[in-house]
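Now for the letters of each chain:
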Amino acid sequence: MTKRIFTIVLFSVFAAFPVNVTAQETPEAKAERMEWFSEAKLGIFIHWGIYSRGDWSESWAFHNKVVSVEDYFAQEKDFTADRYDPKAWVELIKESGARYTVITSKHHDGFALWDTGAGDVSSVKSSPAGRDVLTPFVNEVRAQKELKLGIYFSLIDWPHPDYPNIFRVGPAKYDIEKEPARWQRFLDFNDAQLQELNGAYHPDLYWFDGDWEFSSDQWKAPHIVSMLRETNPGVIINSRIQGNGDYATPELGVPVVRPADRWWETCMTINDSWGFRKQDTEFKSDMTILRMFVNCMSLGGNLLLDIGPRADGTIPDEEVAVLKMLGRWIHKHEEAVYPTRAGIPDGHVQGYTTLNKAGDILYVYLPYTPNETIEVKGIRSRIKKVRVVGTDRELDWNLYNDIDWSEVPGVYYINVPKDVLDEHITVLALELDSPLKLYRGSGQVISYND
Ligand code: GLC
């Protein structure tokens, strides 16, 4: 075989069987690929589709037979997007302090927000909006240097004729083991849509959803991942693709203990719904949202906070207010947000904690008004200075029981006067004389005295 023919053969083999470019990825290379994600801390999730008229839940409403499929899809005629201002959306997201955003390109109902050539259910072909509403958003995101783009894509497409089921209970449309060609047709349809998204937007992140209905093998999940990475090698993929992703996605709850996964993100609603719902006025308070955000950071993760614009493209005032509130707090406390990493275990101080990258600043977040002092114990490194982040104030302290014969470090009592408090969460920067060393024992009895 001549060299040229060999090269062509080799190339065709690789083209037919795309290699998973991350299969051999070293832990260091993965850490580098994940770097922007671990520093981003806050993302804004957007659920937008025909369900945004606000009467019923996104997709689940027909799947659970709360409403008929016909009535659910009749909502298409109200998806006008006539007050949609993608520039204003992106400015608001930027103002919130978020470093990434994830938008639904298509939920489990199959309604695509872009001009898909793979099917007819889209904002272009089946709604009065009559246009691609995803691309203008992507363009605005791309115009902002500091914002990364995430695309949500539902693997499930319940109403699709080749998808095996539409309702949660009741007989399936068909059995994929018995009709593999029909199932493959559906997988090809998903692939075609993903190729469109990948080619047009080259997203920084894919946020898959709905993997629970089939296994990794059945979805051909490794193939999906390699296909996307072939032209978008740095892309980050969430976990909802049957174990083939890069990071974990606990939903609607900040973990209690630090997750075993190095990278994770809690997705969270502001009220009780992902998509806009007229009846849902259960908005979480500013303090609740902020506590959840700081709690995620303290455990080394991100918060992906959801907004649900209406079908006309307007964002509910309550959600706008929450994003602006986050923006005020984050911009004031920037040094204690982006470059931080997970803090220390419970028991050393009452409050959430994070560390700077070098490990010699311990940030303490106080979601309460301290009565006189806060107590910090079990810190072997010495505190040099205590600053109130976002202000020019420094605080003084007393150190008690700093005993030379004892390996148990003394206990700091830092005075926190009321006039340094933030209206939401006050942040103290404890500057240390060395990277933080903790004492985790249970005390010591005397061995000598002087
Ligand atoms: C769930 C739901 C869905 C929502 C998503 C967001 O998996 O199926 O409605 O879009 O979570 O995290």
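Residues numbered from 1 in each chain as written. Predicted model: local features only at pLDDT ≥ 70, side-chain atom pairs only at ≥ 80, totals over all residues. Heavy atoms only, no water.

Trainee: Break down unusual backbone geometry for me, citing the residues and quoting the values.
Mentor: Although it is not a glycine, Leu 252 adopts a positive phi angle of roughly 55 degrees. Accessibility expressed as a relative area gives 45% for Leu 252, which makes it partly exposed. (Buried < 20%, exposed > 50% of the residue type's maximum accessible area, 1.4 Å probe, protein only.)

Trainee: Please set out the site of the ligand residue by residue, giving values where relevant.
Mentor: Lining the immediate surroundings of the ligand are 14 residues, of which His 47, Glu 58, Trp 60, His 107 and His 108 lie closest. Here an oxygen atom of the ligand sits 3.0 Å away from a polar atom, N or O, in the side chain of Trp 60. Interatomic distance of 3.3 Å between a side-chain N/O atom of Arg 240 and an oxygen atom of the ligand. The fraction of the free accessible surface of the ligand (310 Å²) that becomes covered by protein chains is 94%. The residue makeup of the shell around the ligand, split by class, is seven nonpolar, three polar and four charged. (Near = heavy atom within 4 Å. Polar contact = N/O pair within 3.5 Å; in protein donor to acceptor, adjacent residues only side chain to side chain. Areas by Shrake-Rupley, 256 points an atom, 1.4 Å probe, with all protein chains shown as cover. Nonpolar A, V, L, I, M, F, W, Y, C, P; charged D, E, K, R; others polar.)

Trainee: Would you mind going over the pattern of salt bridges in detail, with residue names and values included?
Mentor: For side chains bearing opposite charge, pairing can occur when the charged atoms are close. In total, this model carries 30 salt bridges according to the counting rule given. With a shortest N-O distance of 3.5 Å, Lys 324 and Glu 95 are connected by a salt bridge. Taken together, the residues Lys 324 in helix α12 (residues 317-332) and Glu 95 in helix α6 (residues 86-95) connect sequence positions 229 residues apart. One salt bridge connects Asp 175 with Lys 178, and the closest N-O pair in it is separated by 3.7 Å. It is possible to trace a salt-bridge network through shared partners that takes in Glu 25, Lys 30, Arg 33, Arg 229 and Asp 246. (Salt bridge = Lys/Arg side-chain N within 4 Å of Asp/Glu carboxyl O. Helix = DSSP H or I, 4+ residues; strand = E, 2+ residues; numbered from the N terminus.)

Trainee: Tell me about the domain arrangement of the protein, and name the residues and values.
Mentor: As far as domains go, the protein holds domain 1 (12-332) and domain 2 (341-432). Taken together, the contact between domain 1 and domain 2 spans 18 residues of the former and 17 residues of the latter. Buried surface at the junction of domain 1 and domain 2, both sides included, amounts to about 1400 Å², of which 58% is carbon and sulfur. By the criterion of area lost to domain 2, the three top residues of domain 1 are Arg 291, Trp 329 and Lys 332, representing 35% of everything that side buries. Our enumeration of links across domain 1 and domain 2 arrives at four salt bridges. Between Asp 422 and Lys 332 there is a salt bridge whose closest N-O contact spans 2.8 Å. (Domains from an automatic or database assignment. Contact = heavy atoms within 4.5 Å. Buried area = accessible area lost by both parts, 1.4 Å probe.)

Trainee: Summarise the sheet that holds strand β7 (residues 302-307); cite the residues concerned and give the values.
Mentor: A sheet is described by the order of its strands in space; here seven strands give the open sequence β5-β4-β3-β2-β1-β7-β6, paired in parallel fashion. Sheet topology places β5 (236-237) and β6 (265-268) at the edges, where each strand pairs with a single neighbour. Two elements, strand β2 (residues 100-106) and strand β3 (residues 148-154), share six bridges in a ladder whose sense is parallel. Paired with Val 102 across the two strands is Gly 150, which belongs to β3. (Pairing = 2+ DSSP bridges.)

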